[in-house]
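Each chain, written out:
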Amino acid sequence: MRFCRFEHNDSIRYGLIEQGKGGEVIGRALPTMPTSIYDFEGGVTVELAVDAVRLLAPVVPTKIVCVGRNYREHAKELNHEVPTSPLIFLKPSSAVLAPGCTIRRPVKLSQRVDYEGELGVVIGKRCRDLREDEDARAYILGYTCVNDVTARDLQNKDGQWSRAKGFDTFCPMGPIVVSGLDPWAGMRVQTRVNEELRQDGTTADFIFALDEIMRYISAVMTLEPGDVIATGTPAGVGPLRAGDVVEVSVEGVGTLENPVGDR
């Protein structure tokens, strides 16, 4: 299943993406987030070209749970210790940004804003206290691209990360959600700034596998449908400047592109 959340004629819907004769089209649409491809059987036939609609962030999460330092080389580049258990933090839903919209650097408060390209996991079914013998895949709706934008100087200054990670526009995600992928086997995660490759990693290098991450998180907080887990960023993080264009690509999903400006 490949789906998006889109706006067309002042209506916001979720659309099933299919291959048409002239390219990708939204074949069926729903007013609410699907839980599986079968939900679209009850949807409305629309036949809209994907490039003829405005793509929004593909889900509306109640929370974004992020995993810090889940790649050894990223921990090393920031001179941080490699964690012995998943290091989690939250980004507010108000930080979510649609594909193509502008990341705004808070220049009055921060002089260093970094990109962090990541695989995003979209929850499809309520998940609480995931057991060791349960298959984590049963709770995953699909996968998307996430940019965990970070005010690096504030992260270092504050000691905790809420402010550094939580500014409006600091969580671009999208452009679509794709099911049936396998992060355990390895999915390539890349970030480019102005078309120059800056990050190039694979989820096969996770310190903590996705099922371990989900068990750890769900023992603390209930994951609701539409919530997003940002699974950590590979080495190669760096600063963004006004006028840059940053692209996060996840194998099997596509590319999330956002320009950068100041506020």
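Residues numbered from 1 in each chain as written. Predicted model: local features only at pLDDT ≥ 70, side-chain atom pairs only at ≥ 80, totals over all residues. Heavy atoms only, no water.

## What about the overall build of the protein?
Okay, step 1: Regarding its fold elements, the protein presents 4 helices and 20 strands.
Okay, step 2: Taking 263 residues into account, the globule formula puts the C-alpha radius of gyration at 18 Å, and the protein, at 18 Å, falls close to it.
Okay, step 3: Across its three principal directions, the C-alpha atoms of the protein cover 50 × 50 × 30 Å.
Okay, step 4: Residues counted as buried form 55% of the 263 residues belonging to the protein.
Okay, step 5: Of the contacts formed within the protein by residues at least 6 apart in sequence, a portion of 71% connects residues at least 24 apart.
Okay, step 6: Summed over all atoms, the accessible surface of the protein reaches about 11,500 Å², with 47% contributed by carbon and sulfur.
Okay, step 7: Distance between charge centroids for the protein: 4 Å, based on 30 positive and 37 negative side chains. (Helix = DSSP H or I, 4+ residues; strand = E, 2+ residues; numbered from the N terminus. Rg over C-alpha atoms; globule rule 2.2 N^0.38 Å. Buried < 20%, exposed > 50% of the residue type's maximum accessible area, 1.4 Å probe, protein only. Contact = heavy atoms within 4.5 Å. Areas by Shrake-Rupley, 256 points an atom, 1.4 Å probe, with all protein chains shown as cover. Lys, Arg positive; Asp, Glu negative; His and termini not counted. Charge placed at Lys NZ, Arg CZ, Asp CG, Glu CD.)

## Thoughts on the pattern of salt bridges
Two side chains bearing opposite charge may form a pair once their charged atoms approach each other closely.
Okay, step 1: A full pass over the atoms with the stated rule returns 21 salt bridges.
Okay, step 2: Two residues, D114 and R112, come together in a salt bridge whose shortest N-O distance is 2.6 Å.
Okay, step 3: The exposure class of D114 is buried, given its relative accessible area of 0%.
Okay, step 4: Taking the relative accessible area as the measure of exposure, R112 reaches 34% and is therefore partly exposed.
Okay, step 5: Here R128 ties to D129 by a salt bridge, and the two come within 3.8 Å at their closest N and O atoms.
Okay, step 6: Residue R128 is classed as exposed on the basis of its relative accessible area, which comes to 58%.
Okay, step 7: Among the ionic contacts, a cluster of salt bridges with common partners joins K91, R112, D114, E116, D148, R152 and K165. (Salt bridge = Lys/Arg side-chain N within 4 Å of Asp/Glu carboxyl O.)

## Focus: the pairing of strand 12 (residues 140-147)
Okay, step 1: In terms of burial, strand 12 is largely enclosed, as 8 of its 8 residues are buried.
Okay, step 2: Alignment of strand 11 (residues 117-123) against strand 12, held across 7 bridges, turns out to be antiparallel. Residue pairing across strands places I123 opposite I140, the latter belonging to strand 12.
Okay, step 3: Pairing analysis gives 3 bridges linking strand 12 to strand 14 (residues 171-178), with the strands arranged antiparallel. Residue C145 lies in a different strand from strand 14, and its bridge partner there is G174. (Pairing = 2+ DSSP bridges.)

## A few points about the environment of R5
Okay, step 1: As for its placement among the helices and strands, R5 is situated in strand 1 (residues 2-8).
Okay, step 2: On a C-alpha basis, the gap between R5 and L30 in space is 9.3 Å, while along the polypeptide they are 25 residues apart.
Okay, step 3: At 2.9 Å, the side chain of R5 forms a polar contact with the backbone oxygen of A57. (Polar contact = N/O pair within 3.5 Å; in protein donor to acceptor, adjacent residues only side chain to side chain.)

## Notes on the nonpolar core
Okay, step 1: By size, the foremost hydrophobic cluster in this structure holds 41 residues, and its most contacted members are F6, I26, L119, M214 and I229.
Okay, step 2: Among the elements that take part in this core, helix 4 (residues 210-218) stands out by supplying 4 residues, more than any other.
Okay, step 3: Beyond its immediate stretch of four places on either side in the chain, I26 contacts C4, F6, G15, L16, V46, E47, L48, V50 and V53. (Core = buried A, V, L, I, M, F, W, Y, C linked by side-chain atoms within 4.5 Å.)

## Focus: the sheet that holds strand 18 (residues 238-239)
Okay, step 1: Strand order in this open sheet of 3 strands is 13-10-18, and the pairing throughout is antiparallel. With one partner strand each, in any of the chains shown, strand 13 (150-151) and strand 18 form the two edges of the open sheet.
Okay, step 2: Inspection of the sheet shows strand 10 (residues 113-115) paired to strand 13 by 2 bridges, in the antiparallel sense. Bridge pairing links V113 to A151 in strand 13.

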